[in-house]
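# Architecture and fold: a report
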Amino acid sequence: MNIEELEFGLNTFGEVSAETPGGELLTEAETVRLVIDEAVLAESVGLDVFSIGEHYRNGHVDTAGHMILGTIAGRTDKIRLGTSVTVLSTQDPVRLFHNFSTLDAASNGRAQLILGRASSTDSFPLFGYDLADYEHLFEEKLELFMRLRSEQPVTWDGTVRPGLTEQHMSPALATPASIPTWIGVGGSPQSVIRAAHYGLPLMLAIIGGQPTRFAPYVDLYYRALDQFGHPRLPVGQHSLGLVADSDKEAIEAYWPEWNRAMLGASLDRGFPAPTRRQYDGEVEHGALFVGSPDTVAAKVADDMMDLDLTRFDFKYDIGNLSRGLRARSIELFGSEVAPRVRKLLADRMAAKTSESEPVAAGSEV
């Protein structure tokens, strides 16, 4: 693990914020502008990446993330701009390429993507796709997108869209495959192997349970990379949480919004309603990163060591979390959590190196 290469990012699903905890909601337009301001704040506190999801449901404003990212590009200089995730199955790969090659040009090479099949399937009926084609759509569109990313001009034929014959993409990338592209995985071994097959970095969406249960997926990914003849590539983690000045403040502020969000998901997907006991367990031992900077940093460092991560993406919005809590969480994650994680990992690696060094003959023990 190279400490200098570690990345810390923010993810948003464009969830509508409130003026104060439990208070009046912002409008959807105000929330779009808030997300732009939050990305500017993220850069100012030293974070590496800002990513926007893709949803088509009430309470989310991330339906056209590339437009928001383009505006952010004009107000920032360094922070990389990406997705979390793009639902490739219901996107046109050609249009997607054009959107992000343009963003890459406008931002001077800061665009990136995380591609996924979607855990929420709102886009399928909206754009006229059949869920029965879930796997086929993603596989064929990924194959096309990889060609668009690396070849110029492109000739391609398939079943999910009209074919291409010597088609030039404009604006072209500065160099082939220069937009970093990850595969987002929620727990499917097939998706892990697909990422390795294409030689793409792996982003693990860990939103519940003990993160260490994903260690076998990381091992599978590394073994598959080796079998496909690719070098070892980055692995990242996407998880939810809130950083506040104390553990108590964070836990009590996050609980009502997490509870509301999980209750909605349980009704949609047919799993049991959330409980406070479940929430407390996720905070203490699971995949919720909720607490003070010290608490969150220690938990992030554990995951980065256990899963051999080089990137941690923190989803900072949920439900109608107030704009003040969101802003403070971003500030603390960038200015306190990320530096502490780097320090913790550097200390642990130094300790491991010291323990493994042989004792010289004749020296005191």
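Up top is the structure.
Once a new chain begins, its residue numbering starts again from 1 and follows that chain's sequence as written. Local features in this predicted model are restricted to residues whose pLDDT is 70 or higher, and side-chain atom pairs enter the listing and the counts only when it is 80 or higher, whereas totals over whole chains, interfaces and linings include all residues. Excluding hydrogens and water, the side-chain figures rest on all heavy atoms present in the structure.

### Structural notes on the overall build of the protein chain
Rule in force here: Labels follow the DSSP assignment, with helices taken as runs of H or I lasting at least four residues and strands as runs of E lasting at least two, numbered in each case from the N terminus. Burial classes: relative accessible area under 20% of the type maximum marks a residue as buried, over 50% as exposed, and values in between as partly exposed (1.4 Å probe, protein chains only). Contacts are residue-level and defined by heavy atoms, with any inter-residue pair within 4.5 Å sufficient. The Shrake-Rupley method, run with a 1.4 Å probe, gives the accessible areas here. Residue values count only the displayed protein chains as cover. Just so you know, the count uses Lys and Arg for positive and Asp and Glu for negative, and it drops His and the chain ends. In this description, the location of a charge corresponds to atom NZ of lysine, CZ of arginine, CG of aspartate or CD of glutamate.
Scanning the protein chain from terminus to terminus reveals 11 helices and 12 strands. Principal axes of the C-alpha set define a box for the protein chain whose edges measure 70 × 65 × 40 Å. When burial is assessed residue by residue, the protein chain has 50% of its 365 residues classed as buried. A sequence separation of at least 24 residues applies to 72% of the contacts in the protein chain between residues at least 6 apart. Split by element, the accessible area of the protein chain, about 16,300 Å² in all, is 52% carbon and sulfur. Treating the 32 positive side-chain charges of the protein chain as one cloud and the 51 negative ones as another, the clouds have centres 1 Å apart.

### Observations concerning the packing of helix α1 (residues 28–44) against helix α2 (residues 65–75)
Inclusion rule: A fitted line through C-alpha atoms serves as each axis, taken over the contacting stretch for helices, and the angle formed by two N-to-C directions is quoted from 0 to 180°. Note that the term roughly parallel is reserved for angles under 35 degrees, roughly antiparallel for angles over 145, roughly perpendicular for angles of 65 to 115, and oblique for everything else. We call a crossing left-handed when the near helix sits turned anticlockwise from the far one by less than a right angle, and right-handed when that turn is clockwise. Note on residue categories: nonpolar means Ala, Val, Leu, Ile, Met, Phe, Trp, Tyr, Cys or Pro, charged means Asp, Glu, Lys or Arg, and polar means any other residue, Gly included.
Following both chains from N to C, one finds α1 and α2 inclined at 40 degrees, their axes separated by 9 Å at the closest point. As the angle between them shows, α1 and α2 are arranged oblique. Regarding α1 and α2, the two cross each other, and that crossing is right-handed. Touching Val-32, Val-35, Ile-36, Asp-37, Ala-39 and Val-40 of α1 are Ile-68, Thr-71, Ile-72 and Arg-75, all from α2. Residue classes in the contact of α1 with α2 are distributed as 7 nonpolar, 1 polar and 2 charged.

### Quick look at the side chain of Thr-90
Mapped onto the secondary structure, Thr-90 falls in the loop between β4 (86–87) and α3 (93–106). Residue classification places Thr-90 among the buried residues on the basis of a relative accessible area of 8%. In this structure, Thr-90 is in contact with Ser-123, Phe-124, Phe-127, Tyr-129 and Lys-141, ignoring residues within four places of it in sequence.

### Comments concerning the nonpolar core
Defined as follows: Among buried residues, those of type Ala, Val, Leu, Ile, Met, Phe, Trp, Tyr and Cys that are joined through side-chain atoms within 4.5 Å constitute a nonpolar core.
Ranked by size, the top nonpolar core spans 83 residues in total, and within it Phe-8, Phe-50 and Tyr-221 carry the most contacts. Looking at this core element by element, the count peaks at 8 residues for helix α5 (residues 134–150). In terms of nonpolar packing, the next biggest core, distinct from the first, is built from 16 residues, Trp-255, Val-290, Leu-321 and Leu-325 among them.

### Structural notes on the environment of Ser-51
You can see Ser-51 is positioned in strand β2 (residues 49–52). Taking the relative accessible area as the measure of exposure, Ser-51 reaches 1% and is therefore buried. Residues Ser-51 and Gly-128, 77 residues apart in the sequence, show an inter-C-alpha distance of 26 Å. Apart from the residues within four sequence positions on either side, Ser-51 is in contact with Leu-10, Asn-11, Thr-12, Gly-82, Thr-83, Ser-84, Arg-311 and Asp-313.

### Examining the pairing of strand β10 (residues 235–243)
Basically, it comes down to this: Whether two strands pair depends on DSSP finding at least two bridges between them.
The element β10 is extensively covered by neighbouring structure, given that 9 of its 9 residues are classed as buried. Burial along β10 is two-sided: Val-235, Gln-237, Ser-239, Gly-241 and Val-243 facing one way and Gly-236, His-238, Leu-240 and Leu-242 facing the other are all buried. Examined bridge by bridge, strand β9 (residues 202–205) and β10 share 4 bridges and lie parallel to one another. The residue bridging Met-203 from the neighbouring strand is Gly-236, located in β10. Judged from the 5 bridges that link them, β10 and strand β12 (residues 311–315) form a sheet pairing that is parallel.

### Things to note about unusual backbone geometry
Going from Ser-84 to Val-85, the amide bond is cis rather than trans, its omega being 0 degrees. Following the sequence through the fold, Val-85 ends up in the loop between β3 (80–83) and β4. Of the consecutive residues Gln-152 and Pro-153, the connecting peptide bond is found in the cis state with omega at 0 degrees. Looking at the secondary structure, you find Pro-153 in the loop between α5 and β6 (154–156). Of note in this structure, Asn-108 is not a glycine but carries a positive phi near 60 degrees. Assignment of secondary structure puts Asn-108 in the loop between α3 and β5 (113–116). Among the residues examined, Asn-108 registers a relative accessible area of 71% and is labelled exposed. Positioned with a positive phi, Asp-308 is a non-glycine residue whose angle comes to about 55 degrees. For Asp-308, the location among the structural elements is in the loop between α10 (293–306) and β12.

### Some details on the environment of Glu-284
The residue Glu-284 is located in helix α9 (residues 276–284) in this model. Put simply, Glu-284 and Gln-167 are 117 residues apart on the chain and 53 Å apart in space, counted from C-alpha to C-alpha.

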